[in-house]
Amino acid sequence: MQLFYNININETTETFSFDKEESKHIIKVLRKKDTDILYVTNGLGFLFKTEITLASDSKCTVKILSFEKSVPSKFHLHLAVAPTKMNDRYEWFLEKAVEIGIHEITPIICDRSERKVINTERFDKIILTALKQSNELFLPKLNEAITFKEFVKLKNEGKKLIAHCEETNKKTLKSVLEPNENITILIGPEGDFSEKEIEAALENNYIPVSLGNTRLRTETAAIVACHSVVFVNEV
């Protein structure tokens, strides 16, 4: 199934038109024509079956034939991940995390972060492309970048974990995970979290965890954490 996206449709929508860029892709690239069927999501769990009524490459219009609503996950996974020095590595993480099943992402600026500015618009596009590619119906939320100090003071519901590389008393990630729970995991930059940051996290009730016996890159650690949580929640 090839999936398209439109945030502006809901259960009461009868017809709608794609924007010029998407219309051109549908008609010129995919060569869709009148009466062809398109499947569309609004990123809120809905899957709409639609039929093209106007195959225009500037304003492709469809009518909704039927829709179904997916049941949301019983858990919520929020990864707070420091931006990587090379942007493409963070973009890779975003793409794969969406495919695996993440719900929320926050870039966190840490003491040892080499990159402190991110392109939120580009990241949003990567997340949306991954959503459509993987046929996911719930669009993950990408938050604006925030400092580590500010983030750990936020009220994040559920279990809160910090994955760091310091040789201290830590539990394994798999030993603390349980199905059907909300979970927030902090993943640091290439140089890891500073001692001050680790202390601040512990003071705000974060549990220190290990992701394994090897030292992982930031984006690899984030994917390991993401997959571990989703795997525990598989039915």
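Structure's up top.
This is a predicted model, so every value here is computed, not measured.

Draft legend 1. Spotlight on helix α1 (residues 20–29). By the burial criterion, the buried members of α1 are E22, S23, I26 and I27. With its buried residues spanning 115 degrees around the axis, α1 presents them on a single face. Across from the buried face of α1, at angles greater than 90 degrees, the exposed residues are K20, E21, K24 and V29. Of the surrounding elements, those touching the buried residues of α1 are β1 (3–5), β3 (37–41), β4 (46–54) and α3 (120–133). Backbone nitrogen of E21 and a side-chain oxygen of the N-cap are separated by 3.3 Å at the start of α1; the cap is D19.

Draft legend 2. Structural context of the nonpolar core. Core analysis: the biggest nonpolar cluster contains 35 residues, and L77, L79, F93 and I185 have the highest contact counts within it. Secondary structure elements with two or more residues in this core: β6 (76–81), α2 (87–100), α3, β10 (159–163), α5 (173–176), β12 (182–187) and α7 (218–232). Of all the elements, α7 adds the most residues to this core, at seven residues.

Draft legend 3. Geometry of the pattern of salt bridges. Applying the stated criterion across every chain, the model contains ten salt bridges. In this structure, R89 and E190 form a salt bridge, with 3.2 Å as the shortest nitrogen-oxygen distance. On the criterion of sequence distance, the pair formed by R89 in helix α2 and E190 in the loop between β12 and α6 (195–203) is long-range, its members being 101 residues apart. E190 sits in the partly exposed class, given a relative accessible area of 29%. Salt bridges here are not isolated pairs; linked through shared partners, they connect R89, E190 and E219.

Draft legend 4. The state of the cysteines, seen in detail. This model, assessed by the stated rule, comprises zero disulfides. The thiol sulfur of C226 is not disulfide-bonded, and the nearest other cysteine sulfur, from C110, lies at 18 Å. Classification of C226 as buried rests on a relative accessible area of 0%.

Draft legend 5. The arrangement of unusual backbone geometry in detail. Residue R31 is not a glycine yet carries a positive backbone phi of 60 degrees. Note that R31 resides in the loop between α1 and β3. Positive phi is not limited to glycine here, since D192 has a value of about 70 degrees. Judged by its relative accessible area of 6%, D192 is buried.

The rules behind the values
- By convention here, each chain's residues receive numbers from 1 onward along its written sequence.
- Local features in a predicted model are, by the rule used here, given only for residues with pLDDT of at least 70; side-chain atom pairs are given and counted only at 80 or more, and totals for whole chains, interfaces and linings are based on all residues.
- As a rule here, side-chain values come from all non-hydrogen atoms in the structure, and water together with hydrogens is ignored.
- Relative accessible area decides the class of each residue, using a 1.4 Å probe on protein chains only: under 20% of the type maximum gives buried, over 50% gives exposed, and in between gives partly exposed.
- Elements are defined by DSSP. Helices are runs of H or I of four residues or more, strands are runs of E of two residues or more, and each kind is numbered from the N terminus.
- Note that the arc is computed from the directions linking the helix axis to the C-beta atoms.
- The contact rule is simple, with two residues in contact once any of their heavy atoms fall within 4.5 Å.
- We call two N or O atoms a polar contact when they sit within 3.5 Å, provided that within protein one can donate a hydrogen and the other can accept it, with sequence-adjacent residues counted only if both atoms are side-chain atoms.
- Here, nonpolar core refers to any group of buried Ala, Val, Leu, Ile, Met, Phe, Trp, Tyr and Cys residues whose side-chain atoms link them within 4.5 Å.
- The salt bridge definition used is simple: a Lys or Arg side-chain nitrogen within 4 Å of an Asp or Glu carboxyl oxygen.
- Cysteine sulfur atoms that pair up within 2.5 Å are treated as a disulfide.

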